[in-house]
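Geometric and topological summary
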Amino acid sequence: MTQRTDLLRRQSLDTPPSLSAERAVLLTDFYEAQAGRHSVPVLRALSFLHLCQHKSIYLGEGELIVGERGPKPKAVPTYPELNCHSAEDLRILNSREKTWYRADDECIRAYEERVIRYWHGRSMRDLIFAVLPPEWHDAYAAGMYTEFMEQRAPGHTVLDDKIYGKGMLDFRQDIARSLAALDFLTDPLAVDKREALRSFDIACDAVIVFAQRHAALARERAAAEQDATRRGELHAIAEVCDRVPAHAPRTFHEALQYYWFCHLAVITELNGWDAFNPGHLDQHLLPFYERGLADGTLTRASARELLECFFIKFNNHPAPPKVGVTAAESGTYTDFANINIGGLLKDGSSGANEVSHILLEIVDDMHLLQPSTNVQLSRRTPDALLAHALRVLSKGYGFPSIFNADAVVEEQLRQGKSVEDARAGGCSGCVEVGAFGKEAYILTGYFNMPKVFELALHNGVDPRSGKQLGPRTGEAASFTSWEAVFAAYRAQFRHFLEIKLRGNHVIERMYATLMPAPFLSVLTDDCVARGVDYNSGGARYNNNYVQFVGLGSLSDSLSAVQAMCFTDSSHRLALSDLVAALDADFAGQEPLRQRLSHKTPKYGNDNDDADEIMVRIFNTCVEELDGRPNVKGGHYRVEMLPTTSHVYFGSMTGAMPDGRQARRPLSEGISPVQGADRHGPTGVIKSASKMDQVKSGGTLLNMKFTPSLVNDGEGVDKWAHLVRSYFKLDGHHIQFNVVSAAALREARAQPSEHRDLIVRVAGYSDYFCDLSDALQEEIIARTEHEGF
Amino acid sequence: MIDGAGTMSSAPRDSARTTGLVFNIQRYSLHDGPGIRSTVFLKGCPLACAWCHNPESIAPAREFIVAESRCIACGECREACPYGAATPGTGPIPSRNADCDFCAQCADACPTGARELIGRQMSVAEVRDELLKDAIFFAESGGGVTVSGGEPLMQWQFVEELLPALRERGIHTALDTSGYAPLERLLTVAARSDLVLYDLKGFDEARHIEYTGVSNASIHANLRALDAAHANIWIRVPIVPGFIDDAEDLSRMAALVSTLHHVTRVSLLPFHGAAERKYERLGRVNRTSHVDPPTAEQMERSAQIFRAHSLPVHIGA
């Protein structure tokens, strides 16, 4: 770090996250005056223009990359049109112990006097909940699934290379061409398309206005600046903001600033999931980097400093907090922007370059919570990039994660994408594959498989509430074979999945009609060419995902049922007796619980009996979901990732036949149950690779290594071979925590001394001390692979 | 089949029938040769080194261990044991019972896994198949299989069959030995291994006898003979403060090794106290219970002694 970025970094770390009502108030003003006067797309675009014209802008001391979403760093705006915080929400967010956001009296008063009054009953969340049917609400309340779009807008997307060759004025020409080509005589949707294209055009203009305001502010500051060096920098910033985003960037600095304006625009227009993401940043920046070195306007050090400033910008933007929060619930400040490093070029060759290594150096040096970073490792990726990534990971900061770039391409080809689009794609958020700049790949919610099984063991009744939520698939005593048990599970699974999908379709149509995203549409092919919004299916590809949770817990439970209830042994148990023990949460039956925990085959040990069950569960997800149509002309796909939902789902799920007690966390991703894997990392990898991961749109495998395992060159080499082997077996993603359980326990005991400890959760990294108690315990309980 | 003393009868050579007494197969074993390896540990050792980190490997017969911390005193072991009712006391039965014939019903009945039978008769084919599970990792990393112990040469006929069964599948093999065995057995088995890991535990004979229970005279003689016959030997020296850390003694070992022609690596292995609990569970006396691991500086000083003899020394494996 330079002196400048060291200072900016410390400011970013030390500034407390706060809530700002500015956006909510501006939006309320606008809607009160304008709602009903325009078509919905144009209204949305004009509201975005209004924000770009009137929001406070910020230019900090020493900054080179400029622009904040809120009025200042770490001041987080709210999005009442999506969901409106109550005054109580704001007070809890202000005062809760972990992941708090300071909300001052002025903010709360603005909400009470202006924002809530207008938006109560008008927000998307209110509208969605009002129209979803009772069975959807019942299953939702029981913890069968979650719903992403009740909190944030569809987003989940990543930018490709399109902005590095085109300015907003060029995009406006494209829009004009599409408008000119509309056929109002024979195309029944021509009017809708006209409104969409008009909204896109306004959105392009809004971003130019936003940049021009920064240029003017920089000049104003320059005029008052005493220091000649800084005055020069401020003039340079003004010139950059004059140039981009109106025109295509020419320099490294312009390229980064252009992306940053686009990023801010996307997250100001709406609060889409996973913020926004520059994707293959190293690949996009390389031409600017090389040109700058060649013409003498850039050095490696100055490029690195600009990138450091750029990274700090991400860290200045904590995720907007949820509504309907409770004091006990903790969230995360991470907003899931996940920069891809390495990967493949469109021609199939390796995309790793010098900028890739600079990015890894920055990750190593700055230890920021945001942005997330991942390495896209292809068989064509040089070993040097993997070695560099592992050296960074071995420091124990949970970054970067590692993806199999070849599997990422294969997964997308299976979805019907062109090979070039697949290679230009990658991963975002936690582990999700997508064609960058060309796809709306929407995560719709987590799905609690162990809870479904719990209902299958109780004839469709949720034992927690006593309600008949699912179909009557038979009492436990009536099952005469393991296959009969599995058939009951599958019937319940289909029932709840279909409730979830019917709900999704309602929500998606509401976003299509009520909440378009004009600026995001400009950045996503082929919205402009088709004249169709991102939220209406304008993207070239439209995949929807359901993220299945609890694979390990369910595998081990079904394995235990097989071993204990349907296999001849001296300890054979009637299934109804097992269910009675589960209902009692094993009270008075500790030996039984121990036997279930320790003496039945477990997934994660390269044991074919247990792993075959895991494969059945995964295949059931694929067979029941994959290829079903969504309402955007795309399809549903399977994903295996929990983020933090395995803790929530666990809290809603009773005792399970794998010996897990009621309310405890479930297993995460495709990782084995915490502590159940006893045959080392190769055993886990072999087990996980028995699932045909190419049929997913992302799986998540976490491993915990003790630092001694990777503390020398040979240890790191062998680690690299372990990763390469998993990827040869078509594994999608692997991530490591290199930290001992003892160190984590110490951090729990003395949080004030370990505030900077970042760990991998399940798809993202977070400050360990900000995690909920349950999640901290879950991470400590994960199997720790030691050196032997 | 092998008897309790670990010697083999001359049964027909059939990989389905020749068995070895295995006490562990460790996957992702990083310190027993190049690359990612699986190490098969055979039970039984003629040495009893004071610092042994696998004390359960020493006895050449099956034995029970009980992890007291995991025992919930449910008494299911007593119920399952044919002699349980006749065994004095209540609750869990002792891990060693005079009448025990290793039917293992007690371990099977134990719900927590606290009671475990150490040592399992496995056929060559069974062991080979278990080891082949990680073949993809071996191929990727230049790793393979290491046969260790105990002293694997105590079960030399089993090893003599296992190694070719692996090599014919293209698996790199290593033998980890104390060298304390009849020379012809050593050479026969070594000829079937791509690499020999040869342990040296001090030069001074009197101290070697005191710490390991045996003389090192034949170990040194065997090493010289092996060097004449085998192209790839790694010497492994545990550094155990108070036992093997004397500069003079290390220097004499280094001098011995420097006369050899086929030593491609010398590994100095820092003692660690991780086996403490195993001694407790086995009810064995641990002569190194108060020994701290060597410091990094101590390891470096030891390495210097070997470097002075121009040997390719590594700290750790």
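Residues numbered from 1 in each chain as written. Chains lettered and ligands numbered in written order. Predicted model: local features only at pLDDT ≥ 70, side-chain atom pairs only at ≥ 80, totals over all residues. Heavy atoms only, no water.

The next thing to look at is the domain arrangement of chain B. Residue and element names in this part refer to chain B. Here the domain parsing of chain B yields domain 1 (19-60 + 120-315) and domain 2 (64-118). Taking only C-alpha atoms, the centre of domain 1 and the centre of domain 2 are 33 Å apart. If you look at the interface, domain 1 gives six residues, while domain 2 gives six residues. Interface area for domain 1 against domain 2, summed over the two sides, is near 570 Å², with a carbon-plus-sulfur share of 60%. Here domain 1 and domain 2 share zero salt bridges between them. Put simply, domain 1 and domain 2 have zero residue pairs in polar contact (both at pLDDT 80 or more) between them. Considering each element in turn, the side of domain 1 that touches domain 2 owes the most residues, three residues, to helix α10 (residues 276-282). Here the side of domain 1 that touches domain 2 is built from residues that sort into two nonpolar, no polar and four charged. (Domains from an automatic or database assignment. Contact = heavy atoms within 4.5 Å. Buried area = accessible area lost by both parts, 1.4 Å probe. Salt bridge = Lys/Arg side-chain N within 4 Å of Asp/Glu carboxyl O. Polar contact = N/O pair within 3.5 Å; in protein donor to acceptor, adjacent residues only side chain to side chain. Helix = DSSP H or I, 4+ residues; strand = E, 2+ residues; numbered from the N terminus. Nonpolar A, V, L, I, M, F, W, Y, C, P; charged D, E, K, R; others polar.)

It is worth spelling out the interface of chain A and chain B at this point. Where the parts come together, the accessible area they lose is often given as the size of the interface. If you look at the interface, chain A gives 29 residues, while chain B gives 28 residues. The tally of links between chain A and chain B comes to four salt bridges. Among the elements that make up the side of chain A that touches chain B, the one with the highest residue count is helix α28 (residues 713-728) of chain A (eight residues). Of the residues contributing to the side of chain A that touches chain B, the split by class is nine nonpolar, eleven polar and nine charged.

Inspection of the entire model under this criterion finds zero disulfides over all chains. Of the cysteine sulfurs around Cys52 of chain A, a residue in no disulfide, the closest is that of Cys262 of chain A, at 11 Å. The thiol of Cys110 of chain B is unpaired, and the distance to the nearest cysteine sulfur, on Cys74 of chain B, comes to 6.3 Å. Among the residues examined, Cys110 of chain B registers a relative accessible area of 9% and is labelled buried. (Disulfide = S-S within 2.5 Å. Buried < 20%, exposed > 50% of the residue type's maximum accessible area, 1.4 Å probe, protein only.)

Turning next to the packing of helix α1 (residues 3-14) of chain A against helix α13 (residues 300-315) of chain A. All names here are of chain A. Where α1 contacts α13, the two axes come as close as 10 Å, and the packing angle between them is 5°. Between α1 and α13, the interaxial angle falls into the category roughly parallel. Contacts between α1 and α13 involve Arg4, Thr5, Leu8, Arg9, Ser12 and Leu13 from the former and Glu305, Glu308, Cys309, Ile312 and Asn315 from the latter. (Axes fitted to C-alpha atoms, helices over the stretch in contact; angles between N-to-C directions. Parallel < 35°, antiparallel > 145°, perpendicular 65-115°, else oblique.)

The next point concerns unusual backbone geometry. Cis geometry is found at the peptide bond from Phe399 of chain A to Pro400 of chain A, where omega equals -10°. Along the chain, the position of Pro400 of chain A falls in the loop between α15 (383-393) and β5 (401-404). For the bond running from Gly149 of chain B to Gly150 of chain B, omega is 10°, close enough to zero to count as cis. In this fold, Gly150 of chain B is placed in the loop between β6 (144-148) and α5 (156-167). In this model, Thr99 of chain A sits at a positive phi of 40°, which is unusual for a non-glycine residue. Within the secondary structure layout, Thr99 of chain A lies in the loop between α4 (87-95) and α5 (105-119). With a relative accessible area of 1%, Thr99 of chain A lands in the buried category. A positive phi is found at His156 of chain A, a non-glycine position, where the angle reads about 50°. By the secondary structure assignment, His156 of chain A is in the loop between α7 (134-142) and α8 (168-180).

On to the sheet that holds strand β15 (residues 733-738) of chain A, then. The strand order across the open sheet formed by six strands is β3-β4-β5-β15-β14-β18 (chain A), and the pairing between neighbours is mixed. Lying at the two open borders of the sheet, with one neighbouring strand each, are β3 (338-342) and β18 (784-785) of chain A. (Pairing = 2+ DSSP bridges.)

Okay, the sheet that holds strand β11 (residues 313-315) of chain B next. All names here are of chain B. What the nine strands build is an open sheet, ordered β5-β1-β2-β6-β7-β8-β9-β10-β11; its pairing is mixed. Among the strands making up the open sheet, the edge pair consists of β5 (120-123) and β11. On average, each strand axis in the sheet is inclined to that of its neighbour by 30°, with strand direction left out of account. Contacting β9 (233-239) and β10 (263-270), helix α9 (residues 247-258) runs over the sheet at an angle of about 175° to β9.

As a further point, take the nonpolar core. By size, the foremost hydrophobic cluster in this structure holds 257 residues, and its most contacted members are Leu307, Met449, Phe548 and Trp719 of chain A. When residues of this core are assigned to their parent elements, the largest contribution, 16 residues, is made by helix α9 (residues 190-224) of chain A. Those residues in contact with Phe548 of chain A, other than ones at most four positions away along the chain, are Phe447, Met449, Phe493, Leu497, Cys621, Leu625, Val638, Glu639, Met640 and Leu641 of chain A. Judged by nonpolar contacts, the second largest core, of 62 residues, contains Ile171, Val196, Ile239 and Ala254 of chain B. (Core = buried A, V, L, I, M, F, W, Y, C linked by side-chain atoms within 4.5 Å.)

Let us now look at the pairing of strand β2 (residues 37-42) of chain B. Residue and element names in this part refer to chain B. Burial analysis of β2 places six of its six residues in the buried class, which makes it a mostly covered element. Side chains of β2 alternate between two faces, with Arg37, Thr39 and Phe41 and Ser38, Val40 and Leu42 buried alike. Sheet topology note: the strand β1 (residues 19-29)/β2 ladder contains five bridges and is antiparallel. What sits directly across from Val22, in β2, is Leu42. Note: β2 against β6, five bridges, orientation parallel. Across the sheet, the residue bridging to Thr39 is Thr146, located in β6.

Residues and elements named next belong to chain A. Inspection of every chain in the model, using the stated rule, returns 82 salt bridges over all chains. The closest approach of N and O atoms between Arg4 and Glu305, which form a salt bridge, is 3.0 Å. With Arg4 in helix α1 and Glu305 in helix α13, this pair connects stretches of sequence that are 301 residues apart. Residues Arg4 and Glu305 agree in their burial class; the two are buried. The partner of Arg230 in a salt bridge is Glu233, with the nearest N and O atoms 2.9 Å apart. In this pair, Arg230 and Glu233 both sit in helix α10 (residues 228-243), three residues apart, roughly one turn of the helix.

This part covers the packing of aromatic side chains. Under the defined criterion, the tally for this structure stands at 39 aromatic pairs over all chains. Taken together, a centroid distance of 4.5 Å and an interplanar angle of 40° make the contact between Phe148 of chain A and Trp273 of chain A tilted. Placement of the pair is Phe148 of chain A in the loop between α7 and α8 and Trp273 of chain A in the loop between α11 (252-269) and α12 (281-295), with a sequence separation of 125 residues. A single burial state applies to Phe148 of chain A and to Trp273 of chain A, both of which are buried. The residue whose ring lies beneath Lys417 of chain A is Tyr541 of chain A, and the NZ or CZ to ring-centre distance is 5.6 Å. We note Arg265 of chain B situated over the ring of Trp234 of chain B; from NZ or CZ to the ring centre the distance is 4.2 Å. (Phe/Tyr/Trp six-rings, centres within 6.5 Å; stacked < 30°, edge-to-face > 60°. Lys NZ or Arg CZ within 6 Å of the ring centre and 35° of its normal.)

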